[in-house]
Amino acid sequence: MTTQAGPTDVDVRAEQVFFEFLGNPPDVEPYASYRWFHEHAPVFRGSNGMIVLSRFADVDAVLRHRDMGRGEESVQHLTDLPPRLLEPVMRRWKRTMVFANPPLHTKMRRKVGAQFLPRHVEAMRELVARRARETMDALADSPGADFVTTVASPLGGAAVADLLGVPEDDRAELARLSPRSMGVFDPMTATSDLEAAAAAEITMADYFADALEERRTAPRDDLLTRLVAPADGDPLEPIEMVAAAANLTNAGNDTTTNLLSNSMYALLTHPEQLRRLREHPELVPRAVEELARFDPPLNLNPRTALVKTTVAGLDLEPGEIVVGIQGAANRDPRRYTDPDALDLGRDEGVSLAFGGGAHFCMGAHLGRLVMSEFLTCLITRFSGAEPAATPRRRPGHNLRGFAELPVRLSR
Ligand code: HEM
């Protein structure tokens, strides 16, 4: 496809299917739309020029291509914010890893990554396992309680807070601020909610600026301390550390919570796979990858051409936007055998659930550890799990998760 080509009939129909899928009620699964894209329009151009991809090979190629990076679509809607809110938000946005391009992105990945190594995550295993046991026991003690609020959210939230070293007393406030603050970078946020979102972003940044300052004088064994006092003696700039702490909090909370909930739901609706896992606990690592492939928390991932380039057969001009439907790529029949089947023994490589290329999820090792301790707890401590009432998906098909998932665990 070249940038000059006008819309075809397939483009027009595909765009309709795309918006229908995004606008569907939350309990309508997106998989029929994903199958349609694979069969009829694996590459299409929307009327606004945006190109949408659904094949694994194409989405993967775009995520990995060095000419494809981050554009400004996450802040273009902020024009009406008063300068006292806009300026601090924009200063940090420019320094936030997930929105940054090289060379700043490369520097931040290297410096934050050096303080968030597999051994730092492995050191958290016992603590995560204990939290998994405590939250799952609480669920078993109140049969039919909500898995999201009893297990997924506290377990996911605690993992990120433990990593950073956020004291227990501050966690509830951060858990309230984080989703609000993310709204400022979401073009779908209603204009009337933007000021509150910006204020939450600023409050959260102030919190981390104070916490980092405190670690400077009173070091602890946590990521915030490692950021202010790295072993190489060459820390990030203060604003970059604040942006990194907020980015880790925002990127880690909801995703882990949703992956836990989506996985619990997948197991409840595929009891034979849960039985199989119980009989073959050695499958836990594969099960983590398969559950993430099967129902990933993040379904869409945009990239912008930073220069004139060719990728996945597309000739792109600078500024052109390509959206990869990661959730569809994970169900690509060209990549996976029987892609709509949940197969906890599947051994067909990692999916795109954690992204790919330069922005590959920085917390994937922690997310995987939380998932693996949750699954181990589920199959070793409990003899059964069943749905207790109709679950409720949270709205939206990009960030997929549950608002409510009542579960009954038996010991
Ligand atoms: C467990 C479920 C998780 C899933 C499914 C997930 C998924 C993703 C995906 C798809 C991306 C790529 C975004 C992009 O391409 O722009 C990403 C990036 C990121 N994730 Fe995760 N994530 C999870 C957990 C975590 C955790 C626990 C943390 C931190 C504690 C974390 C921190 C990050 C950060 C900082 C980035 C940005 C990396 C960059 O732009 O270089 N994630 N994640």
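Check the entry above for the structure.
So, a few notes on the structure that sits alongside this text.

About the cut-offs
- Residues numbered from 1 in each chain as written.
- Predicted model: local features only at pLDDT ≥ 70, side-chain atom pairs only at ≥ 80, totals over all residues.
- Heavy atoms only, no water.
- Helix = DSSP H or I, 4+ residues; strand = E, 2+ residues; numbered from the N terminus.
- Expected span 1.5 Å × (residues − 1).
- Bend = angle between axes of the 7 residues up to and from the residue.
- Buried < 20%, exposed > 50% of the residue type's maximum accessible area, 1.4 Å probe, protein only.
- Contact = heavy atoms within 4.5 Å.
- Salt bridge = Lys/Arg side-chain N within 4 Å of Asp/Glu carboxyl O.
- Core = buried A, V, L, I, M, F, W, Y, C linked by side-chain atoms within 4.5 Å.
- Pairing = 2+ DSSP bridges.
- Phe/Tyr/Trp six-rings, centres within 6.5 Å; stacked < 30°, edge-to-face > 60°.
- Lys NZ or Arg CZ within 6 Å of the ring centre and 35° of its normal.

1. Points about helix 9 (residues 168–182)
In a regular helix each residue adds 1.5 Å, so 15 residues correspond to 21 Å; helix 9 covers 22 Å between its end C-alpha atoms and thus fits that length. Of all bends in helix 9, the biggest is about 30 degrees, found at Leu174. If you check which residues of helix 9 are buried, you get Arg171, Leu174, Leu177, Ser178 and Ser181. Residues of helix 9 that are buried sit in contact with helix 7 (125–141), helix 8 (147–164), helix 10 (191–217) and helix 12 (238–268).

2. Some thoughts on the pattern of salt bridges
Scanning the model with the defined rule gives 39 salt bridges in all. Two residues, Glu373 and Arg125, come together in a salt bridge whose shortest N-O distance is 2.6 Å. Highlighted residues: Glu373 in helix 16 (residues 364–381) and Arg125 in helix 7, separated in sequence by 248 residues. By relative accessible area, Arg125 is classed as partly exposed at 27%. Of the charged contacts, one joins Asp137 and Arg411 as a salt bridge, the two residues approaching to 3.6 Å between their closest N and O atoms. One end of the pair, Asp137, is in helix 7; the other, Arg411, is in the segment after strand 11 (407–410), and 274 residues separate them in sequence. On the basis of relative accessible area, Asp137 is assigned to the buried category, the value being 17%. Relative accessible area serves as the criterion here: at 55%, Arg411 is assigned to the exposed category. In this structure, a network of salt bridges that share partners links the residues Glu29, Asp295, Arg393 and Arg400.

3. Some points on the nonpolar core
Nonpolar side chains tend toward joint burial in soluble globular proteins. Phe147, Phe208, Phe374 and Leu375 are the most contacted members of the largest nonpolar core, which has 78 residues in total. The leading source of residues in this core is helix 12, at 12 residues. What Leu375 contacts, discounting residues up to four positions off in sequence, is Leu267, Leu277, Val284, Ala287, Val288 and Leu291.

4. Details of the sheet that holds strand 4 (residues 300–305)
The strand order 1-2-7-4-3 describes an open sheet built from 5 strands, whose pairing is mixed. In the strand order of this sheet, the two ends are held by strand 1 (43–45) and strand 3 (68–69), each with one partner. Where strand 4 meets strand 7 (residues 321–325), 5 bridges bridge the pair, whose relative direction is antiparallel. In the sheet register, Thr304 faces strand 7, and the bridge partner there is Ile321.

5. Observations concerning unusual backbone geometry
Excluding glycine, residues mostly have negative phi values, and the peptide bonds linking residues are mostly trans. Residue Pro103 is bonded to the preceding Pro102 through a cis peptide linkage, with omega at 5 degrees. The residue Ala312 is not glycine, and still its phi comes out positive at about 50 degrees. Inspection of the secondary structure assignment puts Ala312 in the loop between strand 5 (309–311) and strand 6 (314–316). The phi angle at Asp338 is positive, at roughly 45 degrees, despite the residue not being glycine. In this structure, Asp338 sits in the loop between helix 15 (326–329) and helix 16. The exposed category is assigned to Asp338, whose relative accessible area is 53%.

6. Remarks on the environment of Arg66
With respect to the helices and strands, the residue Arg66 is situated in the loop between helix 3 (56–64) and strand 3. Arg66 sits in the exposed class, given a relative accessible area of 75%. With 83 residues separating them in the primary sequence, Arg66 and Thr149 have C-alpha atoms 40 Å apart.

7. What to know about the packing of aromatic side chains
Inspection of the entire model under this criterion finds 16 aromatic pairs. Ring geometry for Tyr207 and Phe208: centres 5.4 Å apart, planes at 75 degrees, overall edge-to-face. By relative accessible area, Phe208 is classed as buried at 0%. Centre to centre, the rings of Phe354 and Phe360 are 6.5 Å apart; their planes meet at 55 degrees, and the pair counts as tilted. Classification of Phe354 by relative accessible area gives buried; the value is 14%. Of the aromatic side chains, those joined through ring pairs into one cluster are Phe18, Phe19, Phe21, Tyr31, Tyr34, Trp36, Phe37 and Phe44. For the cation-ring pair, Arg335 lies above Phe56, with the distance from its terminal atom to the ring centre recorded as 4.3 Å. The ring of Tyr336 is capped by Arg335, whose NZ or CZ atom sits 4.8 Å from the centre of that ring.

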